[in-house]
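What follows is each chain in one-letter form.
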Amino acid sequence: MNALLSRLALISGAIALAAGLAVAQTPAVRVASKIDTEGALLGNMIILVLEANGIKTENKVSLGTTKIVRGAITAGEIDVYPEYTGNGAFFFADEKNPAWKNAKAGYERVKALDVEKNRIVWLDPAPANNTWAIAVRKDVATANRLRSLGDLGQWISAGGRFKLAASAEFIERSDALPAFQAAYGFKLGADQIVTLAGGDTAVTIKAAAQATSGVNAAMAYGTDGALAALGLVILDDPKGIQPVYAPAPVVRADVLARHPAIKDALAPVFRSLDAPTLQTLNAKIAIDGQDAKQVAATYLKAKGFIK
């Protein structure tokens, strides 16, 4: 009897050891984000939610620009990160497709293209539009009656003093500043642009607010929380030049197959992130100087998404 119990104990121990090794050998889910304020916020939210659901993660938040992070996931170097639906037009050289100007159609299109071509799955998006925009100092907008990009184009063409702080990506991408210029009939010279490293609008907005190097306008995003606090206003885009940029988690298909719980864990979180919510959370980081991880954790706990 004792011998039998000993054998059973050995078998149980072996099973437990095998299970432990299997868990230990399962690679951590590598979570990344872009280098901007909202990227850090959403990247930390993904990490906190996955960890709360028993999924081990590796933190690669604030990895780099769109090009760097996109290259990393297509190369299999990262597993999950928050991306924007409108970037599908750029990723797949599909800028002329009208689907990108519609939130639902753009999401469905990038979802279908990415899973087919790259085995990357787009999960449920947030009901927000973090589109690229141009913001100007409120005093400049008021004095020159600038409400839209059409007003801006006329003012610049008439000799208005304008200087923009922006990232290299915003300046160079065909669907960003070049698209605005072509649609609204203005062309900025080299002396009218200050190129700042990275893609963080917190930096470009601050430059405009402080009139650094004569800057009076900034590349901005639709969900930036710092604009009003720093005395800047976004100019309307009446022609709808920019696609809809709804934030959504994207994950490699093989990783999602290993951890199917990722989908249901993140869905309610992103559904809760409308534009006013993101503006408020982004402001806590960009204006109040709070840590992105702490802002993410406080929000998730308040909403009951994590304990």
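The rules behind each value
- Residues numbered from 1 in each chain as written.
- Predicted model: local features only at pLDDT ≥ 70, side-chain atom pairs only at ≥ 80, totals over all residues.
- Heavy atoms only, no water.
- Helix = DSSP H or I, 4+ residues; strand = E, 2+ residues; numbered from the N terminus.
- Contact = heavy atoms within 4.5 Å.
- Areas by Shrake-Rupley, 256 points an atom, 1.4 Å probe, with all protein chains shown as cover.
- 1 Å grid on protein atoms, 1.4 Å probe; cavity = no way out; pocket = protein on both sides within 12 Å on 5 of 7 lines; lining within 4 Å.
- Points joined across faces, edges and corners; volume = space filled by probe spheres on them.
- Nonpolar A, V, L, I, M, F, W, Y, C, P; charged D, E, K, R; others polar.
- Pairing = 2+ DSSP bridges.
- Axes fitted to C-alpha atoms, helices over the stretch in contact; angles between N-to-C directions.
- Buried < 20%, exposed > 50% of the residue type's maximum accessible area, 1.4 Å probe, protein only.
- Arc of directions from axis to C-beta.
- Polar contact = N/O pair within 3.5 Å; in protein donor to acceptor, adjacent residues only side chain to side chain.
- Salt bridge = Lys/Arg side-chain N within 4 Å of Asp/Glu carboxyl O.
- Phe/Tyr/Trp six-rings, centres within 6.5 Å; stacked < 30°, edge-to-face > 60°.
- Lys NZ or Arg CZ within 6 Å of the ring centre and 35° of its normal.

### Section: the overall build of the protein
Summing up its helical and strand segments, the protein has 14 helices and ten strands in all. Principal-axis analysis of the C-alpha atoms gives the protein an extent of 100 × 40 × 30 Å. Of the contacts made within the protein by residues no fewer than 6 positions apart, 74% connect residues no fewer than 24 positions apart. With the model as given, the accessible surface of the protein reaches about 14,200 Å², and the carbon-plus-sulfur share is 56%.

### Topic: empty space enclosed by the protein
Taken as a whole and assessed by the stated rule, the structure comprises two cavities of 30 Å³ or more. There is about 190 Å³ of room inside the largest cavity. Around the largest cavity, the lining comprises 16 residues; the ones closest to its centre are Lys34, Thr66, Asn87, Trp132 and Tyr221. Of the residues in the lining of the largest cavity, the class split is five nonpolar, seven polar and four charged. Volume-wise, the second largest cavity comes out at about 70 Å³.

### Notes on the sheet that holds strand β8 (residues 217–221)
The strand order across the open sheet built from five strands is β7-β6-β8-β5-β9, with neighbouring strands paired in mixed fashion. The two strands at the open ends of the sheet, each matched to only one other strand, are β7 (193–196) and β9 (232–234). Going from strand to strand, the sheet's axes swing by 35° on average, the running direction of each strand aside. Strands in contact with helix α10 (residues 201–209) are β5 (132–137), β6 (164–167), β7, β8 and β9; relative to β8, the strand with the most contacts, it is inclined by about 150°.

### As for α10
Among all positions in α10, only Thr201, Thr204, Ile205, Ala207 and Ala208 are buried. Down the axis of α10, the buried set is contained in an arc of 155°. They therefore lie on one face. Where α10 is buried, its residues contact β5, β6, β7, β8 and β9. Where α10 begins, one side-chain oxygen reaches toward the backbone nitrogen of Ala202, 3.0 Å away; that side chain belongs to Asp200.

### Some remarks on the pattern of salt bridges
Evaluated as defined, the whole model comprises eleven salt bridges. The salt bridge involving Arg271 is made with Asp124; its shortest N-O contact spans 3.3 Å. One end of the pair, Arg271, is in helix α12 (residues 261–271); the other, Asp124, is in the loop between β4 (120–122) and β5, with 147 residues separating them in the sequence. The salt bridge partner of Arg173 is Asp175, with a shortest N-O separation of 2.7 Å. By relative accessible area, Asp175 is classed as buried at 8%. Overlapping salt bridges bring together Arg30, Asp79, Arg252 and Asp254 as one network.

### Let's talk about the side chain of Glu38
By the secondary structure assignment, Glu38 is in helix α2 (residues 37–52). In this structure the side chain of Glu38 is engaged in a polar contact, spanning 3.0 Å, whose partner is the side chain of Asn130. Excluding residues that lie within four positions of it along the chain, Glu38 makes contacts with Tyr84, Asn130, Thr223, Pro247, Leu278 and Asn282.

### Things to note about the packing of aromatic side chains
Under the defined criterion, the tally for this structure stands at five aromatic pairs. Ring centres of Phe170 and Phe180 lie 6.3 Å apart, and the angle between their planes is 50°; this geometry places the pair in the tilted category. A residue pair is termed long-range when its members are at least 10 positions apart, and Phe170 in helix α8 (residues 168–172) and Phe180 in helix α9 (residues 177–184) qualify at ten residues. As far as burial versus exposure is concerned, Phe170 and Phe180 are alike and both buried. One aromatic cluster is present, built from ring pairs that chain together Trp132, Phe170, Phe180 and Tyr245. Over the face of the ring belonging to Phe91 we find Arg70, whose NZ or CZ atom lies 4.1 Å from the ring centre. The ring centre of Phe90 lies 3.9 Å from the NZ or CZ of Arg173, which sits over that ring.

### With respect to unusual backbone geometry
Positive phi is not limited to glycine here, since Arg119 has a value of about 55°. Examined against the element boundaries, Arg119 turns out to sit in the loop between α5 (103–118) and β4. In this structure Arg119 comes out as exposed when scored by relative accessible area, which is 54%. With a phi close to 55°, Ala211 is a non-glycine residue in the positive phi region.

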